[in-house]
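Structural characterization, general
In case you want the letters, here they are:
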Amino acid sequence: MLDRTVAPPVQPLASVKLPAADVFSLPNGARLHIMRNSAQPVVRLQVVFKAGKFTEPALGISLLTARMLLEGTRTRTARQIADEVAFYGASLECEQGFDRATLTLYCLSRHLSKLLPLVADVLTEPTFPETEATLLKTRTIQNVQVERQKTSYLAAEQFSNNLFGAHHPYGVKFNESAFLQVTTEDMRRFHQQAYRFSEAEIFLCGDVDATHDTAVSQALGSPTDSKSPQLTTAAPQPVSAPIQDALTVPGSMQASLRIGRLWPSLHHTQTHELQVLVKVLGGYFGSRLMKNIREDKGFTYGIYASVGPREHATSFVIGSDVNGANATNAIHEIHFELRRLQEELIPDTELQTVKNYMAGKFANELSTVFEQCDKYKNLVFYNLPNTYYSDFIGHIQTVRAATLQQLAQQYLSPEEMIQVVVGP
């Protein structure tokens, strides 16, 4: 009989190898990456352009351009686009991020060929109708106004502003006046300059066969870029200094805390060891910050520490929402945990628990072909070696407490952090 008082044995994760992707160069310069898995009759197609916030010539253009792609083309209205997607039981959306913009299609594999003309039409023939643009601006501004009533939003916004600099694309705040000044002509110009197939990365994964390869190549390999000059974006350096900042929200009972700094990129020689250090500090439910500030002190329902890699800069942040009266004490305890990692070796049992958690979580994140493709995309966008993830497993399993203490002494000094508190 199974003895439920005894935990099952933990088996170490020996190695990890991402499925190989087939990569093709299309006639227009785009690269097509295909990852095949026939477990489910579903495919995901993503067309990714260098059209994120980092590339925009004026605030809000990249967001509006991405959202407006589905609002009408030369041959389809927004309603017709939505109806066609719904008819095939598919999903189509375009999202803008800090570095890139991505059009994503999910559909049954047998419907992909029928939907590709729609995808090509949306990407190459958007009309940016004036009425829809005005409504989108209004909705966006209203959403931001609602979000800015939350201390957590204000803290994150101010932290990024202080961390990267007020004029850096990652740190600039939303400006309603500048957003309203973006015209549909600005969007058209940005689309012509940034949505260039010669620099596009196309990812097709799922139940894909040779007919799908050909169909995607024909539909998305022929559109040529306009003759508009390509965007030339200077790469501004983040400007940050260890400062303490506070914003007062009258009447608020809650205080939101953000503490962090610029962080080494994923190319750092000890990037995997740094991930273990952050995980010990605040990267899972049993972390030190959770045990101290949630379980022991009862200051918060949750607190985290995480690393946010982007293509042009990487950040480290500790975040939590606490009762306003406990904000000072919570910050004191955060500093205490940072210094403890600098002054004391992590016990072997705690370190082994974190290693097991990270390995198990990583394996779980590779359970579907879509998740595998997401990992592969990181290799492409951050220009990482193909061995990055196999190295990850090896490094976290062999890292020693002394190494983590040295890294903590180098990167986790409270005096070198940016601190933002928003609340009463």
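Before reading on, note that the structure itself is shown above.
Below or above, wherever it landed, is the structure these notes cover. The residue numbering used here restarts from 1 in each chain and proceeds along that chain's sequence as written. Totals for whole chains, interfaces and linings use all residues, but because this is a predicted model, local features are given only for residues with pLDDT of at least 70 and pairs of side-chain atoms are given and counted only at 80 or more. Values reported for side chains reflect all heavy atoms of the structure, with hydrogen atoms and water molecules removed beforehand.

1. Some words on the overall build of the protein chain
In terms of regular secondary structure, the protein chain is built from 15 helices and 11 strands. Computation of the radius of gyration draws on C-alpha atoms, with the globule rule given as 2.2 Å multiplied by the number of residues to the power 0.38. In summary, the protein chain has a C-alpha radius of gyration of 24 Å against a globular reference of 22 Å for 424 residues, a match within 12%. On the principal axes, the C-alpha backbone points of the protein chain span a range of 65 × 60 × 45 Å. The rule is simple: take the accessible area with a 1.4 Å probe, protein chains only, and divide by the maximum for that residue type; under 20% is buried, over 50% is exposed, in between is partly exposed. The buried share among the 424 residues of the protein chain stands at 50%. Helix and strand assignments come from DSSP, with helices taken as H or I runs of at least 4 residues and strands as E runs of at least 2, each series counted from the N terminus.

2. Quick notes on the pairing of strand 11 (residues 418-423)
Where burial is concerned, most of strand 11 is hidden: six out of the six residues are buried. Burial of strand 11 is two-sided: the residues I418, V420 and V422 facing one way and the residues Q419, V421 and G423 facing the other way are all buried. Only when DSSP finds a minimum of two bridges between them are two strands counted as paired. Pairing geometry for strand 7 (residues 244-248) and strand 11, over five bridges, is parallel. Across the sheet, D245 pairs through a bridge with V420, a residue of strand 11.

3. Considerations on helix 3 (residues 112-124)
The span one expects for a helix is its residue count, reduced by one, times 1.5 Å. Taking 1.5 Å per residue, 13 residues should reach 18 Å; helix 3 reaches 18 Å between its end C-alpha atoms and fits that length. Along helix 3, the residues classified as buried are L112, L115, L116, L118, V119, A120, D121, V122 and L123.

4. Digging into the packing of helix 9 (residues 271-282) against helix 14 (residues 388-398)
Axis lines are fitted through C-alpha atoms, for helices just across the contact stretch, and the angle between N-to-C directions can take any value from 0 to 180 degrees. Between helix 9 and helix 14, the least distance of the axes is 9 Å, while the angle of their chain directions is 55 degrees. As the angle between them shows, helix 9 and helix 14 are arranged oblique. As for the relative orientation of helix 9 and helix 14, their crossing is right-handed in sense. Contacts from T271, H272, E273, Q275 and V276 in helix 9 reach Y388, D391, F392, H395 and I396 in helix 14. For this scheme, ten residues count as nonpolar: Ala, Val, Leu, Ile, Met, Phe, Trp, Tyr, Cys and Pro. Four count as charged, namely Asp, Glu, Lys and Arg, and the remainder, Gly too, count as polar. When the residues that make up the contact of helix 9 with helix 14 are grouped by side-chain class, the tally is four nonpolar, four polar and two charged. Should an angle fall under 35 degrees it is called roughly parallel, over 145 degrees roughly antiparallel, and 65 to 115 degrees roughly perpendicular, with every other angle called oblique. Rotating anticlockwise by less than a right angle from the far helix to the near helix defines a left-handed crossing, while the corresponding clockwise rotation defines a right-handed one. In what follows, residue pairs with any heavy atoms lying within 4.5 Å of each other are defined as contacts.

5. Details of the packing of helix 3 against helix 8 (residues 210-220)
Helix 8 packs onto helix 3 with a crossing angle of 20 degrees between their chain directions and a minimal axis gap of 9 Å. By the angle between their directions, the pair helix 3 and helix 8 is classed as roughly parallel. Both helix 3 and helix 8 take part in a crossing whose hand is right-handed. Where helix 3 abuts helix 8, its residues L112, S113, L116, V119, A120 and L123 lie against H212, A215, V216, A219 and L220. When its residues are assigned to classes, the contact of helix 3 with helix 8 shows nine nonpolar, two polar and no charged.

6. Describing the sheet that holds strand 7
A sheet is described by the order of its strands in space; here five strands give the open sequence 7-11-8-10-9, paired in mixed fashion. The open sheet has two edge strands, strand 7 and strand 9 (303-309), and neither has a second partner. If you compare each strand with its neighbour and ignore which way they point, the axes differ by 15 degrees on average. In terms of strand pairing, strand 8 (residues 254-262) meets strand 10 (residues 314-323) through nine bridges, oriented antiparallel. Among the inter-strand pairings, I259 is bridged to a residue of strand 10, identified as I318. This element, helix 11 (residues 327-343), spans strand 8, strand 9, strand 10 and strand 11 of the sheet and lies at about 30 degrees to strand 8.

7. Structural notes on the layout of surface pockets
Of the grid points, spaced at 1 Å and generated over the protein atoms alone, those admitting a 1.4 Å probe that cannot get out make up cavities, while open sets with protein on both sides within 12 Å along at least five of seven lines make up pockets; any residue with an atom within 4 Å of a point is treated as lining. Grid points are joined across faces, edges and corners, and a volume is the space filled by probe spheres set on the points. Its boundaries defined by the atoms lining it, the largest pocket holds a volume of some 850 Å³. Lining the largest pocket are 37 residues, with K53, F98, Y153, V172 and F174 sitting closest to its centre. Looking at the lining of the largest pocket, the elements with two or more residues in it are helix 1 (61-68), strand 4 (91-96), helix 4 (130-147), helix 5 (151-164), strand 9 and strand 10. Among the elements that line the lining of the largest pocket, the one with the most residues is helix 5, at seven residues. Among the residues making up the lining of the largest pocket, the classes are represented as 17 nonpolar, 11 polar and nine charged. Volume-wise, the second largest pocket comes out at about 630 Å³. Surrounding the second largest pocket, 24 residues form its lining, Q275, K279, V307, K375 and F392 being those nearest its centre. Of all the secondary structure elements, the ones that give two or more residues to the lining of the second largest pocket are helix 9, strand 9, helix 12 (348-364), helix 13 (369-381) and helix 14. Top contributing element to the lining of the second largest pocket by residue count: helix 9, with five residues.

8. Considerations on the pattern of salt bridges
Here a salt bridge means any side-chain nitrogen of Lys or Arg lying within 4 Å of a carboxyl oxygen belonging to Asp or Glu. Throughout the structure, instances matching the rule amount to 25 salt bridges. Here R189 and D186 are joined by a salt bridge, their closest N and O atoms 3.2 Å apart. Of this pair, R189 and D186 both sit in helix 7 (residues 184-194), three residues apart, which is roughly one turn of that helix. With a relative accessible area of 38%, R189 lands in the partly exposed category. Among the charged side chains, a salt-bridge network with shared partners connects D22, R36 and D213.

9. Digging into unusual backbone geometry
Trans is the common state for peptide bonds, and a negative phi is the common state for residues other than glycine. We note that F128 has phi near 50 degrees; this positive angle belongs to a residue other than glycine. Of the residues examined, F128 reaches a relative accessible area of 2% and is grouped as buried. With a phi close to 55 degrees, N383 is a non-glycine residue in the positive phi region.

10. Points about the nonpolar core
We define a nonpolar core as any set of buried Ala, Val, Leu, Ile, Met, Phe, Trp, Tyr and Cys residues linked to one another through side-chain atoms lying within 4.5 Å. Grouped together as the largest cluster of nonpolar side chains are 63 residues, with contacts concentrated most on V276, F316, I318, I334 and L412. Per element, the largest residue contribution to this core is seven residues, and it comes from helix 13. Not counting the four nearest positions on each side in its chain, I334 is found in contact with L257, I259, L289, I293, I303 and I318. Ranked by size, the runner-up nonpolar core spans 55 residues in total, among them L26, A30, M68 and Y195.

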